[in-house]
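Letter by letter, the chains look like this.
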Amino acid sequence: MTNTQVTLVQLDNYGPWTVTPSPRREVDLQTLQSRLYADLSQAIGTRDGYIFFTRFDNMVAVTNGLDLEDHARIQESVRNRYPVTVSLAIGTGPSPADALVDATAAIQNEGSAQDADRRELLLGQPIDEAERTDEDVQIAHFDVVDATGKYTDELDAFSSFIHIEQGYAELMKHMHTAHDSLSFFVGGDNIIAVCPSLSEADYAEAVEHVREAAGVDLRVGVGRAASAHDAGMGAKHALELAREDDTDVEGDLA
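Please read all numbers here as calculations on a predicted model, not as lab measurements. (Residues numbered from 1 in each chain as written. Predicted model: local features only at pLDDT ≥ 70, side-chain atom pairs only at ≥ 80, totals over all residues. Heavy atoms only, no water.)

> I'd like to hear about the sheet that holds strand β8 (residues 190–195), residue by residue, with values.
Read across the sheet, 5 strands follow the order β7-β8-β6-β9-β10 without closing on themselves; strand pairing throughout is mixed. Two strands lie at the open edges of the sheet, namely β7 (182–185) and β10 (249–251), each paired on one side alone. Taking the axes of each pair of neighbouring strands and ignoring which way they run, one obtains an average angle of 20° across the sheet. Relative to strand β9 (residues 218–225), strand β6 (residues 137–144) runs antiparallel, the two being bridged by 8 bridges. When the bridges of β9 are listed, Val 137 appears paired with Ala 225. (Pairing = 2+ DSSP bridges. Helix = DSSP H or I, 4+ residues; strand = E, 2+ residues; numbered from the N terminus. Axes fitted to C-alpha atoms, helices over the stretch in contact; angles between N-to-C directions.)

Structure, rendered in structure tokens:
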């Protein structure tokens, strides 16, 4: 059984800040968002976690192994380097989707994302170190089969983007609805999903669903470990095996 620790990262009072004292240039907002995401990715990554940008003002991290002190240090770093602060809410459970629901509810119960008085909440409790196991995190790394040959080298850049995004949207919805998983586009033709304990048949069914619904062929490698980093590396190696063997699903499966 997996036991995923998820941290919701939410910018404090970000919407009002973007228009105070007057609307800020969009290029400046995009630069701030991308730099903040990069810094958070590095800070969480050095602690063997993963973070995904989602909407940028809300980000989702897999933080198995990070304690409250780690979270507080990340908040301090953001406070010292940016004109905005972040609130963090930790949720845990065998289902990543349910863990995120709990984290979201915790932060919502403390006030609106546009509440001027809300600053640097740190909510929830990490998994106790004694309770952690090598089976806690299951990461699935999907990519599009022959994306370069089918899309990048054949279609204009925006048409290629549309095809990849259609596949991602179908996979994201299906994995969330059918398997309580959280799936994130991570660039190129790659999607990373944080999953509960799923079987080879579950992943094969997801690949088939996307093929039928969006006309996009996927393959997937799966890894399991105590941290997102180690599970993700296992997934990357499994994906390479799937490419070599021309199979749909490879890896450490339930």
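> Could you give me a rundown of a nonpolar patch on the surface, with the residues and numbers involved?
Residues Phe 158, Phe 161 and Ile 162 make up a contiguous nonpolar surface patch of roughly 300 Å² in combined accessible area. Tracing the sequence through the fold places Phe 161 in helix α6 (residues 157–179). Looking at Phe 161, the relative accessible area reads 40%, which means it is partly exposed. (Patch = residues over 30% accessible without salt bridge, like charges linked within 9 Å, V, L, I, M, F, W, Y side chains within 5 Å. Areas by Shrake-Rupley, 256 points an atom, 1.4 Å probe, with all protein chains shown as cover. Salt bridge = Lys/Arg side-chain N within 4 Å of Asp/Glu carboxyl O. Buried < 20%, exposed > 50% of the residue type's maximum accessible area, 1.4 Å probe, protein only.)

> I'd like a description of the side chain of Asn 190, backed by residues and values.
Position of Asn 190 relative to the elements: it lies in strand β8. Within polar-contact distance, the side chain of Asn 190 engages the side chain of Asp 189 at 3.4 Å. In this view, Asn 190 contacts His 141, Phe 142, Asp 143, Phe 184, Phe 185 and Arg 243; residues no more than four positions away in its chain are not counted. (Polar contact = N/O pair within 3.5 Å; in protein donor to acceptor, adjacent residues only side chain to side chain. Contact = heavy atoms within 4.5 Å.)

> Could you give me a rundown of the pairing of β6, with the residues and numbers involved?
With 8 of 8 residues buried, β6 is to be regarded as a mostly interior element. Burial along β6 is two-sided: the face carrying Val 137, Ile 139, His 141 and Asp 143 and the face carrying Gln 138, Ala 140, Phe 142 and Val 144 are both buried. Summarising the sheet, β6 and β8 pair through 6 bridges and their orientation is antiparallel. Note on β8: the bridge partner recorded for His 141 is Ile 192.

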